[in-house]
2 protein chains.
Amino acid sequence: MPRVGLDLSKIIQAAAKIVDEQGVEAITLAAIARDLSVKPPSLFNHVQGLSQIKRELSLIGVKMLYDTMQPASDGKLGDEAIFALANAYLQFTRDHPGLYEFTIALPHPKDEEIEKEGNKIIALITEALRNYQLSEENAIHAVRGLRSILHGFSSLEQKGGFGMPLRKEESLNLVIKAFLTGLDQIK
Amino acid sequence: MPRVGLDLSKIIQAAAKIVDEQGVEAITLAAIARDLSVKPPSLFNHVQGLSQIKRELSLIGVKMLYDTMQPASDGKLGDEAIFALANAYLQFTRDHPGLYEFTIALPHPKDEEIEKEGNKIIALITEALRNYQLSEENAIHAVRGLRSILHGFSSLEQKGGFGMPLRKEESLNLVIKAFLTGLDQIK
DNA sequence: TCACTATAACTAATGGTATTAGTTTATGCA
DNA sequence: TGCATAAACTAATACCATTAGTTATAGTGA
């Protein structure tokens, strides 16, 4: 019985690799155990079960997304900050499609730790929109709008929803450009 | 052995009810069979397996979404048509959250029948955008943008992504309003 | 009306999954 | 060096999808 030296972190790393390379459907305790050269029950020494693993994937997903977006917008303001955030967001969804899905498909709607991390992302977007002089209420609408654009575009791209070969980054830039331009006039 | 009179349609209806009421995770042959008071193997007399059922859910999902959107925009043009489409889209995702997920999570990327139905939805949006005088290329970008907004907003709402109590329809209207206003200036 | 055929729905069996209980043994610490 | 903790295991249970083979119903033709 050679001890492999498992721990929660190694299990989550293996799980993250599987979802990013093979899709969220492929995440099973059996697959993780295989990847770690261990039998499935061994995982229970370090983890409550599959649902905890999914929860941890959501958590590191949100954290990694924030860590990707934060440096991108740092020091920038207005349009420049928004486009930087958008590019970072899109890049993350391309680099980590599986993990990204877990950032959206929340386990229990009320997981405070995940919610806290998610709020950091929202704060980042809110901050980038600061110099648009929006009312408090419109700022909330605008953040929701930007999140909808970012998630919708990324999700549709992931699922192969865009048939045309036309450059997709160009599409995202145009939506955001139009949205921001229109935002300026609504106030 | 009383014959229940199963057929493909009844099976798909039962499956649709399950995904809309209990979520896409809940769709299993066992659950469908229970709902129809039948043993799981009986389903194989009418269906290839679970993957075909999922494929059929995608197909009727796309068809139903089109049938919801088409009458909404019929006879309208410009902003009015776009907002009508958006409201119909949002309503569909609320009435049929499970079916809606299947319209996005396509089975094999290349299912011609589903793709054909999907193209009818895209044509509807394209038509509604007609009088914005967009170049052919920008029209494609704009359709992608609108789809991103609609899907992103609906998906985030479904997943409980919007915490605030602030009226959500208002948010969607503002994003679209801003997007359309900006679109007018880009050309 | 009756037999016959096609097939709907079944039971039994296989192999995959998560999870729990109970066992063995490696490893770190006294 | 010995011992206690716990890591990894085997065995077992319960669920799932799917296939093979069985039973018997319902519609057809005589």
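Here is what the cut-offs are and how they apply
- Residues numbered from 1 in each chain as written.
- Chains lettered and ligands numbered in written order.
- Predicted model: local features only at pLDDT ≥ 70, side-chain atom pairs only at ≥ 80, totals over all residues.
- Heavy atoms only, no water.
- Phe/Tyr/Trp six-rings, centres within 6.5 Å; stacked < 30°, edge-to-face > 60°.
- Helix = DSSP H or I, 4+ residues; strand = E, 2+ residues; numbered from the N terminus.
- Buried < 20%, exposed > 50% of the residue type's maximum accessible area, 1.4 Å probe, protein only.
- Contact = heavy atoms within 4.5 Å.
- Salt bridge = Lys/Arg side-chain N within 4 Å of Asp/Glu carboxyl O.
- Domains from an automatic or database assignment.
- Buried area = accessible area lost by both parts, 1.4 Å probe.
- Polar contact = N/O pair within 3.5 Å; in protein donor to acceptor, adjacent residues only side chain to side chain.
- Nonpolar A, V, L, I, M, F, W, Y, C, P; charged D, E, K, R; others polar.
- Least-squares fit on C-alpha atoms with pLDDT ≥ 70 in both.
- Near = heavy atom within 4 Å.
- Core = buried A, V, L, I, M, F, W, Y, C linked by side-chain atoms within 4.5 Å.

**With respect to the packing of aromatic side chains**
All names here are of chain A.
Here is step 1 of the chain: Going through the model one piece at a time under the given rule, you end up with four aromatic pairs over all chains.
Here is step 2 of the chain: With a centroid separation of 5.6 Å and an interplanar angle of 75°, the aromatic rings of Tyr89 and Tyr100 are classed as edge-to-face. Pair noted here: Tyr89 is in helix α4 (residues 78–95) and Tyr100 is in helix α5 (residues 97–104), with a separation of 11 residues, a long-range link. Residue Tyr89 shares its accessibility class with Tyr100, and that shared class is buried.
Here is step 3 of the chain: Note on Phe153 and Phe162: the rings are 5.0 Å apart at their centroids and 40° apart in plane angle, and the pair reads as tilted.
Here is step 4 of the chain: Under the relative-accessibility criterion, Phe162 is labelled buried at 9%.

**Observations regarding the environment of His96(B)**
Residue and element names in this part refer to chain B.
Here is step 1 of the chain: With respect to the helices and strands, His96 occurs in the loop between α4 (78–95) and α5 (97–104).
Here is step 2 of the chain: For His96, a relative accessible area of 23% gives the class partly exposed.
Here is step 3 of the chain: In contact with His96, other than residues within four places in its own chain, are Asp20 and Met64.

**Looking at the pattern of salt bridges**
Pairing between side chains of opposite charge can happen when their charged atoms approach one another.
Here is step 1 of the chain: A complete count under the given rule lists 24 salt bridges over all chains for this structure.
Here is step 2 of the chain: The partner of Arg55(A) in a salt bridge is Glu56(A), and the shortest N-O contact between them spans 3.3 Å. Across this residue pair, the class does not change: Arg55(A) and Glu56(A) are buried.
Here is step 3 of the chain: Of the charged contacts in the structure, one is a salt bridge between Asp35(B) and Lys17(B), with a shortest N-O distance of 3.0 Å. One end of the pair, Asp35(B), is in helix α2 (residues 29–35); the other, Lys17(B), is in helix α1 (residues 8–22), and 18 residues separate them in sequence.
Here is step 4 of the chain: By relative accessible area, which is 33% here, Asp35(B) ends up partly exposed.
Here is step 5 of the chain: Judged by relative accessible area, Lys17(B) falls into the partly exposed class, the value being 39%.
Here is step 6 of the chain: Overlapping salt bridges bring together Arg94(A), Glu157(A), Arg167(A), Lys168(A) and Glu169(A) as one network.

**Notes on the domain arrangement of chain A**
Residue and element names in this part refer to chain A.
Here is step 1 of the chain: On domain assignment, one finds that chain A holds domain 1 (1–47) and domain 2 (54–186).
Here is step 2 of the chain: Taken over C-alpha atoms, the centre of domain 1 sits 29 Å from the centre of domain 2.
Here is step 3 of the chain: Opposite the seven residues of domain 1 that make contact, domain 2 presents 11 residues.
Here is step 4 of the chain: For the domain 1 and domain 2 pair, buried surface summed over both sides reaches about 750 Å², with 77% attributable to carbon and sulfur atoms.
Here is step 5 of the chain: When the area that domain 1 buries against domain 2 is broken down by residue, the three leading residues are Ile12, Asp20 and Val24, summing to 59%.
Here is step 6 of the chain: Linking domain 1 with domain 2 are zero salt bridges.
Here is step 7 of the chain: Run the count over domain 1 and domain 2 and you get three residue pairs in polar contact (both at pLDDT 80 or more).
Here is step 8 of the chain: Looking at the side of domain 1 that touches domain 2, its residues break down into six nonpolar, no polar and one charged.

**Some details on the relation of the copies chain A and chain B**
Taken together, a rotation about one axis and a shift along it account for how the two chain copies relate.
Here is step 1 of the chain: Expressed as a screw operation, the relation of chain A to chain B combines 0.0 Å of axial shift with a rotation of 180°, fitting to an RMSD of 0.0 Å. On the angle and the small slide along the axis, the relation comes out as a two-fold axis.
Here is step 2 of the chain: In this assembly the copies share their binding face: 97% of the residues contributing to the interface of chain A also contribute to that of chain B.

**Describing the protein's contact with DNA strand D**
Here is step 1 of the chain: Within the structure, DNA strand D sits among 23 residues, and Val4(A), Ser42(A), Asn45(A), Arg3(B) and Leu29(B) are positioned closest to it.
Here is step 2 of the chain: Sugar and phosphate atoms constitute 66% of the interface atoms of DNA strand D, taking the interface as everything within 4 Å of the protein.
Here is step 3 of the chain: Take Gly5(A): an N or O atom from its main chain is 2.6 Å from a phosphate oxygen of DNA strand D.
Here is step 4 of the chain: At a separation of 2.4 Å, a phosphate oxygen of DNA strand D approaches a polar backbone atom of Leu29(B).
Here is step 5 of the chain: A per-class count over the surface near DNA strand D returns 13 nonpolar, six polar and four charged.

**What about the nonpolar core?**
Here is step 1 of the chain: Judged by nonpolar contacts, the single largest core of 84 residues is most densely connected at Leu129(A) and Leu129(B).
Here is step 2 of the chain: Listed in part, the 23 residues of the second largest apolar core include Leu6(B), Ile32(B), Val38(B) and Ile53(B).

**Examining the interface of chain A and chain B**
Here is step 1 of the chain: Taken together, the contacts link 38 residues of chain A with 37 residues of chain B.
Here is step 2 of the chain: Overall, the association of chain A and chain B removes approximately 3,400 Å² of surface from exposure, summing both partners, and the carbon and sulfur fraction of that is 71%.
Here is step 3 of the chain: Counting every contact that joins chain A to chain B gives zero salt bridges.
Here is step 4 of the chain: At the junction of chain A with chain B, the criterion picks out 10 residue pairs in polar contact (both at pLDDT 80 or more).
Here is step 5 of the chain: Secondary-structure elements contributing two or more residues to the side of chain A that touches chain B are α7 (136–158) and α8 (168–186) of chain A.

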